[in-house]
Amino acid sequence: MPPDRLEHPAIVRVCHWTFALSLLVLIGSGLEVFAAFPSFGEKLPASDLPVPLSILRIGGWLGGALQWHFTFAWLLATATAIYFTYQVVSGNARQVLFARRDARGVWPMVRYYMLVGPKPDMTETYNPLQKLAYTIALLLIVVSLVTGFALYKPVQLSWLVYPFGGFRLTRVWHFAAMCGLLAFIPGHLVMVALHGWCNFAGMWTGGRGRP
Amino acid sequence: MPVPQPPRSTRRELLKMLPVAGAAVLLQPTWRSLVIARGLALSDAISERTFDARLAAPPYADAQVTPFDRFPLNSYLVDDPEIDLDEWRLEISGLVAKPGQYTLRDLRSLPRVRQNTRHICIEGWDVIGSFGGIRLGDVLTLVGADQRARFVEVMCGDDYYESLDMATARHWQSLLCDEMYGRPLTREHGAPLRLVLPTKLGYKQAKYIVGLRVSDALGVKRGYWVDQGYSWYGGL
C-alpha cells in the first residue's frame, strides 16, 4: 500500500459506523420482537424459550420494536450495498477478504494473542485472523439481511425462503446470524481496546499516524 | 513570514459530527418516533409499489394443515361480540354501484373457494389453516365497486377495524371466509364472516365483519393495531 493512502477509505469508515449503529438497534429491537413469541416451534402447544432481559430490548413493545427494526434494516441494507460495491469496484476488498493464502497465518496469530508465540510479521492493514473475523462478520450481515427480507416477504420473495428450508427455519437462520454477530462484537471490542487509541481513532480519521 | 493557516478542512470536521448529530436525533423522543415512523412508512411504500399480484401464497395439502384445535385464537378485543347470526347483514357502502345490506345467502351465490394457506402472525408464529368462502374480489365486482377506488375499509362487530389496499382486496386468494376446516366458522374464529388474506399478516385478517366500505382516502382510523404502530400495509 502506498504510504500516502489512508488505511481506511472514507466510505469504509462511514459504512463501518453505520453498521455499528444499525446492528446495535437491530439486535435490540430484534430481541423485543423475539420476546413477543419466544419460540421456534408451534404457537400451540406453547414451548416458550426464555425471554431476553428487558434492558437489552429496544422499542418497548412489538409494534415499536418493528418500527425500529424496519427503519434500521433499510439503513443497514443501504450501507451494505454501498460497502460491497465500493470494496469490489475499488479493489479494496482484498484488504479485508479472507483468501486461501491467509489460512497459514491464522494459527500463528492466535498463538501470538494467547501469548505463546512470537509476533508474526505484519505487512498488510489486517492480519489473517482479522481478515477471517471480518469476512465472517460481513457474511453474517449478508445472511441476516437476506433472511430478514425473506421473513418480511415470504410470499413475494418465496424463492428467498426456499433455500433456508421454509418460513420457520428462516426465522432460526435469522436468529443464528444474530448470535454469530453477538459472538463477533465482544471479541472485536476487546481487540480494539487492546490496540489502543490510535487504532480506534483510525476508524474515524482514516488512520496512518493521523490523530 | 508564515502565512496563518486556515483551520484545516473544517467541513470535514463538521462531517465527523454527523454520527453525533444522528445519535442526538435518536435520543430525543419526539424526533426518534418521527424517524422510526418514517422508516415504517418507507417500508410500506416500497412494499405496496413492488407488490406483484400474480404471486400467490403456496397452497398446502390437507395432510400439512395444522389441526383445528391448534389453530391459535388471537381475539384482540373479545372472544365473541355476540352477533345475532340470523339478523346479520353485511353493510356495503362507499364507492359502489349497489350499496346496501347483503345476507350470507346473497354472498353465497358467488363461486365458493377452498384453500389451505399459511397464516402468519406479526409475533412470528405461523399455522397452516383450511379456509373456505368467497373471493373478496368477486364481492367487489358483485356490488359494482369503483375500479379506481384505492381502499376497502372493514368494520367489525367488536371495535376492531381494518383497511386494505385494493390490489390485495382483489387478489384471487383474498377471501371473505365463512368456513374453516370444512365447518361453518365458529364464533371464536370470527363468525359469521372473517377475512382470510394469505398475502397479509394475521392482524389484517379481521373477524366478525359487519361492514365493508370502498373508498379513495383513509381517515385517521386505518386499523386497530395500525393506529397503535403496526405497519398499515402488513403485506407478506
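For the structure given in this document, a descriptive report is provided here. (Residues numbered from 1 in each chain as written. Chains lettered and ligands numbered in written order. Predicted model: local features only at pLDDT ≥ 70, side-chain atom pairs only at ≥ 80, totals over all residues. Heavy atoms only, no water.)

## Brief notes about the interface of chain B and chain A
Note the cut-off: The contact definition used throughout considers only heavy atoms, calling two residues in contact when any of these lie within 4.5 Å. The term buried area denotes the loss of accessible surface (1.4 Å probe radius) that occurs when two parts are joined, taken as the sum for both partners. Counting of polar contacts relies on pairs of N or O atoms within 3.5 Å, with two restrictions inside protein: one atom must be capable of donating a hydrogen and the other of accepting it, and residues adjacent in sequence are counted only when both atoms are side-chain atoms. Helix numbering and strand numbering both begin at the N terminus, where a helix is a DSSP run of H or I of at least 4 residues and a strand a DSSP run of E of at least 2.
In this complex, chain B contributes 42 residues to the contact, which on the side of chain A involves 30 residues. Both sides together, the interface formed by chain B and chain A hides about 3100 Å², and carbon and sulfur atoms give 64% of it. On the chain B side of the contact with chain A, Ile36(B), Glu123(B) and Leu236(B) bury the most area, a combined 19% of that side's loss. At the junction of chain B and chain A, the tally comes to ten residue pairs in polar contact (both at pLDDT 80 or more). The greatest single-element share of the side of chain B that touches chain A, amounting to twelve residues, is contributed by helix H3 (residues 29-50) of chain B.

## Re the pairing of strand S6 (residues 161-165) of chain B
Residue and element names in this part refer to chain B. The line we're drawing: Any residue under 20% of the maximum accessible area for its type is buried, any over 50% is exposed, and the rest in between are partly exposed; the area is computed with a 1.4 Å probe on protein chains only. DSSP calls a pair of strands paired once it identifies at least 2 bridges connecting them.
S6 sits mainly inside the fold: five of its five residues count as buried. Neither face of S6 is exposed, since Tyr161, Ser163 and Asp165 on one face and Glu162 and Leu164 on the opposite face are all buried. Bridge count for strand S5 (residues 151-156) against S6 is five bridges, and the pairing is antiparallel. Its bridge partner being in S6, Glu153 is matched across the sheet by Ser163. Once S5 ends, the chain turns through four residues before running back antiparallel as S6.

## Description of empty space enclosed by the protein
All names here are of chain A. The cut-off we apply is this: Put simply, the grid is 1 Å and covers the protein atoms alone, a cavity is a trapped set of points that fit a 1.4 Å probe, a pocket is an open set with protein on both sides within 12 Å along at least five of seven lines, and lining residues have an atom within 4 Å of a point. Grid points are joined across faces, edges and corners, and a volume is the space filled by probe spheres set on the points. Put simply, Ala, Val, Leu, Ile, Met, Phe, Trp, Tyr, Cys and Pro go in the nonpolar bin, Asp, Glu, Lys and Arg in the charged bin, and everything else, Gly too, in the polar bin.
Counting across every chain of the model gives four cavities of 30 Å³ or more. Approximately 890 Å³ is the volume attributed to the largest cavity. Leu66, His69, Gly148, Leu151 and His174 are the residues nearest the centre of the largest cavity, which is lined by 41 residues in total. Sorting the residues of the lining of the largest cavity by element identifies helix H1 (10-36), helix H2 (62-90), helix H5 (128-152) and helix H7 (167-194) as the ones contributing at least two each. The class makeup of the residues in the lining of the largest cavity is 27 nonpolar, twelve polar and two charged.

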